[in-house]
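Chain by chain, the residues:
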Amino acid sequence: MSSEIIYPVYIEWRAIVGAIAHAMHGLPHEVIGFLVGRPFVWNGTTYVYIKAALMGKANASETHVEFAADSLADIVQKLREKYPDEELVGWYHSHPGYGCFLSPTDLASHVNCFTMPYHVSMVVDPVKGEVAFFRVNSVNDYEQICSAVVRRRRDG
Amino acid sequence: MVKVVEVKESHVQERPPPSEPEFEIVAADPEADGYDITEIIKMLKDRSQAVEFEAESPQE
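None of the values given here were measured: they were computed from a predicted structure.

J.: Help me out: how do you make sense of the interface of chain B and chain A in this one?
T.: By convention, interface size is frequently given as the accessible area that disappears when the constituent parts associate. Between chain B and chain A, the residue contacts involve 43 residues of the former and 58 residues of the latter. Interface area, chain B with chain A, both sides summed: about 4,500 Å², of which 60% is carbon and sulfur. The interface formed by chain B and chain A contains 18 residue pairs in polar contact (both at pLDDT 80 or more). Sorting the residues of the side of chain B that touches chain A by element identifies strand 1 (13-14), strand 2 (23-29), strand 3 (35-36), helix 1 (38-46) and strand 4 (55-56) of chain B as the ones contributing at least two each. Its residues placed into classes, the side of chain B that touches chain A shows 22 nonpolar, seven polar and 14 charged. Of the pairings in the sheet, the one linking strand 10 (residues 147-152) of chain A to strand 2 of chain B comprises six bridges and is antiparallel in character. Counted as the bridge partner of A:Arg152 is B:Phe23 from strand 2 of chain B.

Structure below.
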């Protein structure tokens, strides 16, 4: 391995660009979606590899977003059909114009839906031009975490 | 009526993180202070690089 650093998050270029494009298309409203991939461990360090971003159907405003009632069933079907070896490793949503952080509502949503320590939250601000990843420790405690964006070489 | 659903236990396998030569590190955030994505936004605005668009609709 060329690098000694093991980031807690690796996301494929197409996945992060897709989530950013989703956030741009959703303006001025927020958008929401799931992150699909797998957790791995190497040298005792756990990391997640995010392969795709799945858009969620949402009820949204400029400051609020929630999954539409039938969104989860669609996501599960897509996951089974296209990514049978992957799992949901987190979620993303947008904060148009007000920066990357997790609100108390975001924290509660994460804690209720994502219980594994490697589950991550990604926030996209398509107005300020920012993206950040977060790990949630509890409903009162979260931290911004390191990450890397990767692209698989065609002949690699 | 009880519906039985299979709950798959998550098995965390050992695997080295993505690295050369199979992967290219496009960007990194080693300080955990986020990414500046203004260039990506500009790229997406300038011309829809749909080939890279991978946020997928479940309805596809």
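J.: Help me understand helix 1 (residues 13-26) of chain A, please; the structure alone is not making it clear to me.
T.: In an α-helix, one turn spans 3.6 residues, which is why side chains three or four residues apart end up on the same side. Residue and element names in this part refer to chain A. Counted at 1.5 Å a residue, the expected span for helix 1 with its 14 residues is 20 Å, and the 20 Å between its end C-alpha atoms agrees. Counting buried positions along helix 1 gives 12 out of 14 residues, so the element sits mostly inside the fold. Residues of helix 1 that are buried include every one of Trp13, Ala15, Ile16, Val17, Gly18, Ala19, Ile20, Ala21, His22, Ala23, Met24 and Gly26, and no others.

J.: Mind showing me how you'd approach the environment of A:Arg153 here?
T.: Looking at where A:Arg153 falls in the secondary structure, it is placed in the segment after strand 10. C-alpha separation for the pair A:Arg153 and A:Lys78, spaced 75 residues apart in sequence, amounts to 25 Å. When sequence neighbours within four positions are dropped, the list of residues in contact with A:Arg153 reads B:Glu20, B:Pro21, B:Glu22, B:Phe23 and B:Glu24. Among the polar contacts made by the side chain of A:Arg153, one reaches the side chain of B:Glu20 at a distance of 2.7 Å.

J.: It is not clear to me how unusual backbone geometry should be interpreted in this structure. Could you clarify?
T.: Glycine aside, residues mostly have negative phi angles, and peptide bonds mostly take the trans form. A cis amide bond links A:Leu27 with the next residue in sequence, A:Pro28, at an omega value of 10°. In this structure, the amide linkage connecting B:Glu20 to the following residue, B:Pro21, adopts the cis form with an omega of 0°. Assignment of secondary structure puts B:Pro21 in the loop between strand 1 and strand 2. Notably, A:Asn43 is not glycine yet its phi reads approximately 50°, a positive angle. Tracing the chain through its elements places A:Asn43 in the loop between strand 2 (32-42) and strand 3 (45-55). Residue class for A:Asn43 comes out exposed when judged on its relative accessible area of 62%.

Rules behind the numbers
- Residues numbered from 1 in each chain as written.
- Chains lettered and ligands numbered in written order.
- Predicted model: local features only at pLDDT ≥ 70, side-chain atom pairs only at ≥ 80, totals over all residues.
- Heavy atoms only, no water.
- Contact = heavy atoms within 4.5 Å.
- Buried area = accessible area lost by both parts, 1.4 Å probe.
- Polar contact = N/O pair within 3.5 Å; in protein donor to acceptor, adjacent residues only side chain to side chain.
- Helix = DSSP H or I, 4+ residues; strand = E, 2+ residues; numbered from the N terminus.
- Nonpolar A, V, L, I, M, F, W, Y, C, P; charged D, E, K, R; others polar.
- Pairing = 2+ DSSP bridges.
- Expected span 1.5 Å × (residues − 1).
- Buried < 20%, exposed > 50% of the residue type's maximum accessible area, 1.4 Å probe, protein only.

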